[in-house]
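# Understanding the architecture of this molecule
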Amino acid sequence: MTDFLIGRQQILDHKLNTFAYEILFRGKDFDLSVQESAASATNQVITDTILEIGLNELVGPHLAFINFTAQNILEKTPLDLPRDRIVVEVLENVKVDMHIVKNLRELSSRGYTIALDDFELTPEWLPLLDFVDIIKLDIMAYSLEDT
């Protein structure tokens, strides 16, 4: 059995009400810098959140933002999850290519909400802007002079 922790971090709306929770995974047996381990970690979060704990128990009536790796996106892992309860969060380290764009566009067309994590505008991310729903910015990465 693998030891791990599942946490949640509130995502607030402009009135500081809980809009959603980001589901976070930490485990000593997974190295999230290794692509295969990161995909396994995401699959572990999905399995434990949905099947064992239950989405309602973890996030109540709110949405669950789940980080998906390139491998998860290419394998269409989100299709196993309820599109009305989750947000497909694309990590900033995903290498965007035509396969990633195609699969994310398909997920979007099937009703999944797509979010980009720690977004920075670079040319490879431009095709996603046609259909993503949420763009998360790391405001701590910018100074007041940058705005």
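Described below are features of the structure shown in this document. Here, residues in each chain are numbered from 1, in the same order as that chain's written sequence. Per-residue local features of the predicted model are confined to residues with pLDDT of at least 70, and side-chain atom pairs are confined, for both listing and counting, to 80 or more; whole-chain, interface and lining totals are unaffected and use all residues. As a convention, hydrogens and water are excluded, and side-chain values are obtained from all of the structure's heavy atoms.

With that out of the way, let us pick up the environment of Ile73. Looking at where Ile73 falls in the secondary structure, it is placed in helix H3 (residues 70-74). C-alpha separation for the pair Ile73 and His99, spaced 26 residues apart in sequence, amounts to 9.0 Å. Should any heavy atoms of two residues lie within 4.5 Å, those residues are considered in contact. Aside from chain neighbours lying at most four places away, what touches Ile73 is Phe68, Val90, Ile100, Asn103 and Leu104. A run of H or I in DSSP becomes a helix once it reaches four residues, and a run of E becomes a strand once it reaches two; helices and strands are each numbered from the N terminus.

The rule is simple: put a 1 Å grid over the protein atoms alone, call a set of points where a 1.4 Å probe fits but cannot get out a cavity, call an open set with protein on both sides within 12 Å along at least five of seven lines a pocket, and count a residue as lining if it has an atom within 4 Å of a point. Grid points are joined across faces, edges and corners, and a volume is the space filled by probe spheres set on the points. A volume near 260 Å³ is recorded for the second largest pocket. Contributing to the lining of the second largest pocket are Gln9, Gln10, Ile11, Glu22, Glu89, Asp117, Asp118, Lys136, Leu137 and Ile139. Top element by residues in the lining of the second largest pocket is strand S1 (residues 4-12). It accounts for three residues. Classifying every residue of the lining of the second largest pocket by side-chain character gives three nonpolar, two polar and five charged. Each residue gets one of three labels, nonpolar for Ala, Val, Leu, Ile, Met, Phe, Trp, Tyr, Cys and Pro, charged for Asp, Glu, Lys and Arg, and polar for the others, Gly among them.

As a further point, take the side chain of Glu22. Along the chain, the position of Glu22 falls in strand S2 (residues 18-27). Think of a polar contact as two N or O atoms within 3.5 Å of one another; within protein, one of them needs to be a possible hydrogen donor and the other a possible acceptor, and neighboring residues in sequence only count if both atoms come from side chains. Within the local environment of Glu22, its side chain forms a polar contact with the side chain of Lys136, the two groups lying 3.0 Å apart. Ignoring sequence-local partners within four residues, the contact set of Glu22 consists of Gly7, Arg8, Gln9, Ile11, Phe65, Asn67, Glu89 and Lys136.

Time to look at the packing of aromatic side chains. Put simply, two rings from Phe, Tyr or Trp (the six-membered ring, in Trp's case) pair if the centres are within 6.5 Å, and we call them stacked under 30 degrees between planes, edge-to-face over 60, tilted for the rest. Enumeration according to the criterion identifies two aromatic pairs in this entry. Geometrically, the ring pair formed by Phe19 and Phe65 is edge-to-face, given 6.5 Å between the ring centres and 65° between the ring planes. Of the two residues, Phe19 is situated in strand S2 and Phe65 in strand S3 (residues 63-68); the sequence distance between them amounts to 46 residues. With a centroid separation of 6.3 Å and an interplanar angle of 90°, the aromatic rings of Phe119 and Trp125 are classed as edge-to-face.

Here we come to unusual backbone geometry. A positive phi angle is found at Lys76, which is not glycine, with a value near 60°. Within the fold, Lys76 resides in the loop between H3 and strand S4 (86-90). Burial classes follow relative accessibility: with a 1.4 Å probe on protein chains only, a residue under 20% of its type's maximum area counts as buried, one over 50% as exposed, and anything between as partly exposed. Looking at Lys76, the relative accessible area reads 26%, which means it is partly exposed. The phi torsion at Asp118 lies on the positive side, around 45°, for a residue other than glycine. Mapped onto the secondary structure, Asp118 falls in the loop between strand S5 (113-116) and strand S6 (134-135).

Turning our attention to the nonpolar core. Nonpolar side chains in soluble globular proteins tend to be buried together. Grouping buried Ala, Val, Leu, Ile, Met, Phe, Trp, Tyr and Cys residues that are joined through side-chain atoms within 4.5 Å yields what is termed a nonpolar core. Of all hydrophobic cores here, the largest spans 29 residues; its most connected members are Ile86, Val90, Leu104, Ile114 and Leu128. Of all the secondary-structure elements, those providing two or more residues to this core are S2, helix H2 (55-59), S3, H3, S4, helix H4 (98-109) and S5. The greatest single-element share of this core, amounting to four residues, is contributed by H4. Among all residues touching Ile86, those that are not within four sequence positions of it are Leu55, Leu63, Ala64, Ile66, Phe68, Pro78, Leu81, Tyr112 and Thr113.

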